[in-house]
Amino acid sequence: MQASRQGSRISTRTDAPSQGLRGGPTRRTEIQGLRGLAILLVVGFHLWGTGVSGGVDVFFVVSAYLLTLSFTRKAASGKPLDLLHYWSRTFVRLLVPVGIVLLSVLVAAIAFYPRSRWEALWEQLLAAATYRLNWNLAERSVDYYAGGGVNSSPVQHMWSLAVQGQVFVFFPLLIALALLVARWTNRSFRTVAVLVFGAVFVVSLATSVLVTRLDPAPNYFDTRLRLWEFALGALVALVVTRPLPRRLAVVLGWTGLVAVVSTGFVVGPNALFPGWVAIIPTVGAALLLMVKDDGGDHGAHVPLRARWLTWIGDRSYGIYLWHWPMMITYLLRTGAQDVPIHVGLVIFGLSVLLSLGTEQAVAFVTRPRSAKQKASTRRELVRLVAVVGVVALPVTAAQAWTDSRARAQASYERTAENYPGAAVPAGTYDETALPDLEPIPMWSEVNAEWGSPGEACTEEQQPDSFQDNSECFVYEPQPQDGGTGEGGEPQRTVVLLGDSHAKQLSEPLKAVADEQNWRVVSYLYPACRYAGETEGNTEECNRFNAAAQEAVLELDPDAVIAQGTRSLMDGDREEFVPNWYDGVEPFEDAGIPVVSVRDNPRWDRDMYECVDLYGEDSPLCSDSADDALGGQEILDEWDKENPGVPLVDLTDLYCPDGHCGPVVGNVMVYRDLDHITRTFGLTTAPALEERLLDALHW
């Protein structure tokens, strides 16, 4: 979204009234009405809808249309384009309200947001202030299609401002290039400009259609895949220079209005923007820009010129800026999954009020200090640097403060006495001696909390039938002092099968291997629990499991570990892995012992955020063991269905005294919604060793 016409004092050059084709300059109020309609669609779908509304795409077309009209008039009259003055003046007016919102988000983040969000948020605030947030979100592969849920950034919506800011730099350069080419070749400026923007339109649209389907999450934010939407607005400004026949104008105008309004309802939440689907709202906006008031009293411009709608359109920029962070903060603090209608109306009302206040701030910053004083390029550049600095300095200070806190926490000695983890519920640590410390690992360390199953398999070790995403690892034991291993060749070989929940067992299993002198071979595939061929699995998963089964039989290990239960977020919370026994029966037939390890609980929210927001004892971050998993009933059922396969159960370590929470023994149990941290996993190694040996009768 671009800055709206918040009164004549706040309008940018691209918002200047269009030159009437049948007279003097006129203010096309239907454009403000179109903006008002677009912001209502955006806010409505953010608050209560799913997917995308197409409203932002409308803003892209409108902004490019007005920008091109403004520069085309200059080119036609022979006036200099004065790009530096245009950029400095435009970005000051755009960035002042952005800066106010960013500073407000900074304060709200420190007061209300979990510390686990801070590092990424400080980076996003700086990116938003410098018009590169879209690239930041693309690099992080943020999924915009997930909607405005609790996990969204409070400034995520500013990706569109970044795209538009980049276009406000790029398109004037294209216009200047077209003007130079027109003069060199003695051709019409409009003709050259149409060719230039036509080429941008075709190349960008074709690329968007082809690329979006490949990786929609990051490509959603890619400026290059959005250029065609802006180019469409520019082409309308360049090509449509005469009034349209009234009947045609009526048909085109109402067709455009229906297209704009219906986009979010028609395309659904699974539409891949900005591919071909974005043609619906952008062409709709283009049609409305084309017809002007050519439709007379029956044209689509009539409802768009409603005073209340144009009033909303005048404040659309501020409403867009304010509504999203308030919505995300509400969801984060309440733990709600959606916004009730009455809360959404309050958020919209507050957005309007804050937009009015933002108008006054912009007017104060940009108002000339005297009636005779004119805005100079130098003064605007100074203001621009000042606005960016006002945001960058406190955000940089917040980053430094965050780093200092992290260093202070890291200064505590990480000993088993300070951070015993699973040793507390295992009964090997006196709980009364537990010091009062913030849990580890810290959020800044969470990326290192995946377990490492060992060295990747060599070409000789890798099974021939494994696919590209198949993972193969081999861990050679490193017996410690006091261990039972004798060094040299491992005494036993154990195979670990499964997905990421099996992979997280690798760290404690490696500790057991060191103690018992085992070699551990891991055959893993993301999101693919080991089992026999299952209809509910993907073709790739079934293919991997078949290949893993063949590899195990060829290897003939001393034992196989494969998880036979799977935790769930809803419903019964735990189930047997479908066709699991079909997958392990060939091992039993070959005389290879099989052990299952029970899955850990999973949650509907990130445990780091939950602890930061509500505290580790909050019921929002915990549950009883019977409610978090299947309870004793599923254990009894396991014994009936799989009498020859022991089930190693670590639930008492995750859920001491029948209570499952995010922290045990000053250690964070979960790195996200459902995966165990490497740090906590290591503290389960002694219990895992004892229970595995007992299950295998070794």
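Residues numbered from 1 in each chain as written. Predicted model: local features only at pLDDT ≥ 70, side-chain atom pairs only at ≥ 80, totals over all residues. Heavy atoms only, no water.

A.B. asks: Quick one: what's the story with the overall build of the chain, residue by residue and with numbers?
C.D. replies: Along the chain, the regular secondary structure elements total 27 helices and 13 strands. Here the chain holds 698 residues, and 56% of them are scored as buried. Restricting to contacts in the chain with at least 6 residues of sequence separation, those with at least 24 account for 78%. Of the roughly 30000 Å² of accessible surface on the chain, 56% is carried by carbon and sulfur atoms. (Helix = DSSP H or I, 4+ residues; strand = E, 2+ residues; numbered from the N terminus. Buried < 20%, exposed > 50% of the residue type's maximum accessible area, 1.4 Å probe, protein only. Contact = heavy atoms within 4.5 Å. Areas by Shrake-Rupley, 256 points an atom, 1.4 Å probe, with all protein chains shown as cover.)

A.B. asks: For the packing of aromatic side chains, give the residues involved together with the corresponding values.
C.D. replies: Under the counting rule described, the total for this entry stands at 23 aromatic pairs. Measuring from centroid to centroid gives 5.9 Å for Trp-603 and Tyr-670, while their planes differ by 75 degrees, and the two rings are edge-to-face. Pair noted here: Trp-603 is in the loop between strand 8 (594-597) and helix 22 (607-614) and Tyr-670 is in the loop between strand 13 (667-668) and helix 26 (678-683), with a separation of 67 residues, a long-range link. For the pair Trp-603 and Tyr-670, one class covers both residues: buried. With a centroid separation of 6.2 Å and an interplanar angle of 40 degrees, the aromatic rings of Tyr-654 and Phe-680 are classed as tilted. (Phe/Tyr/Trp six-rings, centres within 6.5 Å; stacked < 30°, edge-to-face > 60°.)

A.B. asks: Break down unusual backbone geometry for me, citing the residues and quoting the values.
C.D. replies: Both trends apply: most residues other than glycine have a negative phi, and most peptide bonds are in trans. Of note, the amide linkage connecting Ile-440 to Pro-441 takes the cis form, showing an omega dihedral of -5 degrees. Note that Pro-441 resides in the loop between helix 17 (423-426) and strand 1 (455-456). Despite not being glycine, Asp-556 shows a phi value in the positive range, around 55 degrees. Within the element layout of this structure, Asp-556 appears in the loop between helix 20 (539-555) and strand 5 (559-562).

A.B. asks: Could you give me a rundown of the state of the cysteines, with the residues and numbers involved?
C.D. replies: Throughout the structure, instances matching the rule amount to 4 disulfides. Here Cys-457 pairs with Cys-472 through a disulfide, and the sulfurs are 1.8 Å apart. An S-S torsion of about -70 degrees defines the bridge between Cys-457 and Cys-472 as left-handed. Linking Cys-457 in the loop between strand 1 and strand 2 (471-475) with Cys-472 in strand 2, this pair joins segments that are 15 residues apart in sequence. Here Cys-457 matches Cys-472 in class, with each residue buried. With its sulfur 1.9 Å from that of its partner, Cys-528 forms a disulfide with Cys-541. Of note, the bridge from Cys-528 to Cys-541 carries an S-S torsion of about 80 degrees and is right-handed in sense. One end of the pair, Cys-528, is in the loop between strand 4 (518-524) and helix 20; the other, Cys-541, is in helix 20, and 13 residues separate them in sequence. By sequence-ordered numbering of the bonded cysteines, the chain has its disulfides arranged as 1-2, 3-4, 5-6, 7-8. (Disulfide = S-S within 2.5 Å.)

A.B. asks: Requested: an account of the nonpolar core, with residues and values cited.
C.D. replies: The biggest cluster of nonpolar side chains holds 121 residues, and the ones touching the most others in it are Leu-102, Trp-122, Leu-125, Met-158, Phe-171, Phe-189 and Phe-197. Tallying contributions element by element places helix 3 (residues 83-112) first for this core, with 14 residues. The contact partners of Leu-125, leaving out residues within four places of it in the chain, are Leu-102, Val-105, Leu-106, Val-155 and Val-395. Listed in part, the 49 residues of the second largest apolar core include Ala-422, Leu-524, Met-607 and Tyr-608. (Core = buried A, V, L, I, M, F, W, Y, C linked by side-chain atoms within 4.5 Å.)

A.B. asks: Provide a residue-level description of the sheet that holds strand 8, including the pertinent values.
C.D. replies: Pairing is mixed in the open sheet, where 7 strands are placed in the order 1-2-4-3-5-8-10. Two strands in the sheet have a free side with no partner beyond their single neighbour: strand 1 and strand 10 (647-648). Relative to the sheet, helix 21 (residues 580-589) contacts strand 3 (492-498), strand 5 and strand 8, its axis offset from that of strand 8 by approximately 150 degrees. (Pairing = 2+ DSSP bridges. Axes fitted to C-alpha atoms, helices over the stretch in contact; angles between N-to-C directions.)

A.B. asks: Explain the pairing of strand 4 residue by residue, including any values.
C.D. replies: Burial of strand 4 is extensive: 6 of the 7 residues sit out of reach of the surface. Sheet analysis places strand 2 next to strand 4, joined by 5 bridges and oriented antiparallel. Directly across from Cys-472, in strand 4, lies its bridge partner Tyr-523. Relative to strand 4, strand 3 is paired through 7 bridges, and the arrangement is parallel. For Leu-496, the partnering residue across the bridge sits in strand 4 and is Ser-522.

A.B. asks: Which residues make up the confidence of the model for the chain, and what are the values?
C.D. replies: On average, the chain scores 86 in pLDDT, and the residues at 70 or more come to 90%. The least confident element of the chain, judged by mean pLDDT, is helix 8 (residues 216-219) at 74; the most confident is helix 9 (residues 227-239) at 96. Long-range and interchain partners of residues 2-25, a stretch whose pLDDT sits below 50, account for 82 contacts in this model, where long-range means more than four residues apart. (pLDDT = per-residue confidence, 0-100.)

A.B. asks: An account of the pattern of salt bridges is requested, with residue identities and associated values reported.
C.D. replies: A side chain of one charge can pair with a side chain of the opposite charge if their charged atoms are brought near each other. This model, assessed by the stated rule, comprises 25 salt bridges. A salt bridge links Glu-575 to Arg-566; its shortest N-O distance comes to 3.0 Å. For Arg-566, a relative accessible area of 23% corresponds to the partly exposed category. Its salt-bridge partner being Asp-599, residue Arg-602 comes within 3.9 Å of it at the nearest N-O pair. The exposure classification of Arg-602 matches that of Asp-599, with both residues buried. Among the ionic contacts, a cluster of salt bridges with common partners joins Asp-499, Arg-529, Asp-599, Arg-602 and Asp-674. (Salt bridge = Lys/Arg side-chain N within 4 Å of Asp/Glu carboxyl O.)

A.B. asks: Run through the environment of Pro-646, naming residues and quoting values.
C.D. replies: Within the fold, Pro-646 resides in the loop between helix 24 (631-641) and strand 10. Under the relative-accessibility criterion, Pro-646 is labelled partly exposed at 26%. Separated by 48 residues in the primary sequence, Pro-646 and Asp-694 have C-alpha atoms spaced 9.4 Å apart.

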